[in-house]
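One-letter residues, chain by chain:
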Amino acid sequence: KMIKVRADEKASQEVKHTHSFPKVHPKKLAKSCELILHGRPRTQHSTCDVCRCYTTPLYTCEEDDFDICGDCFRVKNMTEKEKAAEAKRRAKQAKRAAERAAKMREEEEKAEKERQKKLLREYNFKPHIYNLSKKNLDPKGNGSKGWTVWCSDGYGNDGWHSYEG
């Protein structure tokens, strides 16, 4: 029954496929906002077939089940010179986004170091616990034993607590 209902929807909407954009799609397209898909606006169900983003399509070919969003439609209709400029603009935009992400990571790392310093002061750890020698940080620096691992839980050598390392 659903197949018949969908077939009827498509048949009634054929007259809306009046727009021709050969750079975008070989067949005539309809404005997606004027189409229905399973009883609801097509704009609520579609993924752009060019960029694969779940977005509101601008144009549709129901025969091929083809949808294109506004950004991709704009790029497809550009001249080669405009496409090059657009690629340059997007690269610049991506670079700025990467720089912002790097700055955020840097700030988060700085905040984490400050948090760790605060904890070290709060719990009154002695410097030899958190300022390890290079020998203890190098897996080969401690001879055949490998990494140095202390598990004294901060207790002094009181004859009661065990040490491993």
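Above this note sits the structure.
Residues numbered from 1 in each chain as written. Predicted model: local features only at pLDDT ≥ 70, side-chain atom pairs only at ≥ 80, totals over all residues. Heavy atoms only, no water.

Peer 1: I keep staring at the pairing of strand E5 (residues 66-69) and nothing clicks. Help me out?
Peer 2: Consecutive side chains of a regular strand alternate in pointing toward one face of the sheet and then the other. Across the two faces of E5 the burial is the same, with Phe66 and Ile68 and Asp67 and Cys69 all buried. The sheet contact formed by strand E4 (residues 57-61) and E5 spans four bridges and is antiparallel. Across the sheet, residue Thr60 finds its bridge partner in E5, namely Asp67. Once E4 ends, the chain turns through four residues before running back antiparallel as E5, passing Asp65 with a positive phi of about 55°. (Buried < 20%, exposed > 50% of the residue type's maximum accessible area, 1.4 Å probe, protein only. Helix = DSSP H or I, 4+ residues; strand = E, 2+ residues; numbered from the N terminus. Pairing = 2+ DSSP bridges.)

Peer 1: Just to check I follow, could you spell out a positive patch on the surface for this structure?
Peer 2: There is a patch of like positive charges on the surface, built from Lys88, Lys92, Arg96 and Arg100. Position of Arg100 among the secondary structure elements: in helix H3 (residues 80-123). Assessed through its relative accessible area of 52%, Arg100 is described here as exposed. (Patch = residues over 30% accessible without salt bridge, like charges linked within 9 Å, V, L, I, M, F, W, Y side chains within 5 Å. Areas by Shrake-Rupley, 256 points an atom, 1.4 Å probe, with all protein chains shown as cover. Salt bridge = Lys/Arg side-chain N within 4 Å of Asp/Glu carboxyl O. Lys, Arg positive; Asp, Glu negative; His and termini not counted. Charge placed at Lys NZ, Arg CZ, Asp CG, Glu CD.)

Peer 1: Help me understand the packing of aromatic side chains, please; the structure alone is not making it clear to me.
Peer 2: Each aromatic ring pair is described using two quantities: the centre-to-centre distance and the angle formed by the ring planes. Following the criterion strictly, the structure yields three aromatic pairs and no others. Each ring, one from Phe21 and one from Tyr59, has its centre 5.0 Å from the other, and the planes form 55°; the classification is tilted. Pair noted here: Phe21 is in the loop between helix H1 (2-13) and strand E1 (30-31) and Tyr59 is in strand E4, with a separation of 38 residues, a long-range link. (Phe/Tyr/Trp six-rings, centres within 6.5 Å; stacked < 30°, edge-to-face > 60°.)

Peer 1: Even after reading the chapter, I still don't get the nonpolar core, so can you show me in this structure?
Peer 2: In a soluble, globular protein the nonpolar side chains are often hidden away together inside. In terms of nonpolar packing, the biggest core is built from 10 residues, these being Val24, Leu29, Cys48, Tyr59, Cys61, Phe66, Ile68, Cys69, Cys72 and Phe73. Those elements that place two or more of their residues in this core are E4, E5 and helix H2 (70-76). Considering every element that reaches this core, the biggest residue donor is E5, with three residues. Residues contacting Tyr59, with those up to four places away along its chain left out, are His19, Phe21, Leu29, Ala30, Lys31, Ser32, Phe66, Asp67, Ile68 and Phe73. (Core = buried A, V, L, I, M, F, W, Y, C linked by side-chain atoms within 4.5 Å. Contact = heavy atoms within 4.5 Å.)

Peer 1: I tried to follow the pairing of E4 on my own but got confused; where do I start?
Peer 2: The buried fraction of E4 is high, at four of five residues. Looking at chain direction, E1 and E4 are connected through two bridges and run antiparallel. The partner of Ala30 across the bridge, within E4, is Thr60.

Peer 1: Please clarify how the pattern of salt bridges should be interpreted in this entry.
Peer 2: If the charged atoms of two oppositely charged side chains come close together, the side chains can form a pair. Within the structure shown, the criterion is met by 15 salt bridges. Among the salt bridges present, the one from Arg74 reaches Glu86, with a minimum N-O distance of 3.4 Å. Of this pair, Arg74 sits in helix H2 while Glu86 sits in helix H3, and the two are 12 residues apart along the sequence. For Glu86, a relative accessible area of 9% gives the class buried. Here Glu114 and Lys117 are joined by a salt bridge, their closest N and O atoms 3.9 Å apart. Of this pair, Glu114 and Lys117 both sit in helix H3, three residues apart, which is roughly one turn of that helix. Judged by its relative accessible area of 41%, Glu114 is partly exposed. Judged by its relative accessible area of 44%, Lys117 falls in the partly exposed class. Here the residues in one salt-bridge network are Arg6, Glu9, Arg42, Glu62, Asp65 and Asp67, joined through shared partners.

Peer 1: Would you mind going over unusual backbone geometry with me for this structure?
Peer 2: Note: most peptide bonds trans; most residues except glycine with negative phi. Positive phi outside glycine occurs at His38, with the angle close to 55°. Summarising the element assignment, His38 is placed in the loop between strand E2 (36-37) and strand E3 (40-41). Judged by its relative accessible area of 45%, His38 falls in the partly exposed class.

Taken by themselves, the reported measurements are silent on function.
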